[in-house]
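Notes for the structure review
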Amino acid sequence: MIASSSRSGWIPEVPLEPSGSVYIGKYTGNNDRYNLDVGIDVSVSLLRWDNTDFFVKYISNLEMGKQVGNITFDPRYSHWFIIGGLKYKKSSYLIQSYIVHDCKHMIDILPDSSKVVFNRLKFSISQNLYDIRNRFQVEIEKEKRKRKMRWDFIYGFYPQTKIIDYLNSRPYYHHDFELIFEFPLLLFSKGELFAGTRGRYIISANTPPRYYRELSLFIEINRFTEKGSLAFYIENFPLSDDPVKTPEGLSILGVKYRF
């Protein structure tokens, strides 16, 4: 059922358009904690008013440790996210405000013994990252596509209160700032090779606060398909001291499919 917003500005469309990605990545080296990551995320626009969408998103990540004996996969941590909010598109820019609830569990340990829970309010602004068509200029001929810088800035606020002490597991996070840059290196008729970097700065909820930093460098080659893009990537983490996940000094090689 779709209501036309052209007839009345307050009656939304109901597009129910899914998008997201699935990936699997293998870490380099012989690290016991970091061996294999797999994940999926799915986002759906539930309501749309012209350039504004109300959306929900689900993310599930599974982290596997070093394989031992006949164990093919050794799951260590599972991390789930439920997200809901608004996004507004203006030209090549995308502005978002959304709420994130997530929890990370250690697998094969008694329930809640090692669980951490987070609830945060996030704000972001990005350019040239609205969807696959916008990101890779899929519908434009190779000769007419431009090497456009793509970027995303995200701010997260984690409220803390003694009344609801499980609102955010202490003392991990209070504020975080994240900045991502991507730049196309080579353009193909049905693909693209791009490189990028991601940086994150974290202010903890300790008293006094502690400060953590993350930096990663990545390169990715994409092949456009009829309904998405298939990618092979490598990402290196020269700096990572996040209190929840710290693959510092490692690289991960993986395959990702976006839709």
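Refer to the structure above for everything that follows.
Let us look at the structure shown here. (Residues numbered from 1 in each chain as written. Predicted model: local features only at pLDDT ≥ 70, side-chain atom pairs only at ≥ 80, totals over all residues. Heavy atoms only, no water.)

**Thoughts on the overall build of the chain**
Put simply, the rule reads: Strands are runs of DSSP state E lasting at least 2 residues, helices are runs of H or I lasting at least 4, and numbering of each runs from the N terminus. For this measure, only C-alpha atoms enter the radius of gyration; the expected value for a globule follows 2.2 Å times N^0.38, where N is the number of residues. Relative accessible area decides the class of each residue, using a 1.4 Å probe on protein chains only: under 20% of the type maximum gives buried, over 50% gives exposed, and in between gives partly exposed. Whether two residues are in contact is decided by their heavy atoms: any pair within 4.5 Å suffices. Only the protein chains shown count as cover for residues, with accessible areas throughout obtained via the Shrake-Rupley method and a probe of 1.4 Å.
The number of helices and strands found in the chain is 1 helix and 12 strands. Shown N-terminal to C-terminal, the secondary structure of the chain runs as helices and strands in the order β-β-β-β-β-β-α-β-β-β-β-β-β. Taken against the 2.2 N^0.38 rule, which gives 18 Å for 259 residues, the C-alpha radius of gyration of the chain at 20 Å falls within 12% of a compact globule. In the chain, which comprises 259 residues, the share counted as buried stands at 41%. Here the analysis covers contacts within the chain between residues at least 6 apart in sequence; of these, 55% occur between residues at least 24 apart. Of the roughly 14600 Å² of accessible surface on the chain, 61% is carried by carbon and sulfur atoms.

**So, the environment of F54**
If you trace the backbone, F54 turns up in strand β3 (residues 52-64). Sequence separation between F54 and P12 is 42 residues, and the spatial gap between their C-alpha atoms is 9.8 Å. For F54, the residues in contact, after removing those within four places along its chain, are V44, S45, L46, L47, W49, G85 and L86.

**Topic: the pattern of salt bridges**
In plain terms, the rule: What counts as a salt bridge is simple: a side-chain nitrogen of Lys or Arg found within 4 Å of a carboxyl oxygen of Asp or Glu.
Scanning all chains against the criterion turns up 20 salt bridges. We note a salt bridge from R120 to D102, for which the minimum N-O separation is 2.3 Å. One end of the pair, R120, is in strand β6 (residues 116-127); the other, D102, is in strand β5 (residues 93-106), and 18 residues separate them in sequence. The pair formed by R120 and D102 is uniform in burial state, with each residue classed as buried. Residue E182 is joined to R150 by a salt bridge in which the shortest nitrogen-to-oxygen separation is 2.9 Å.

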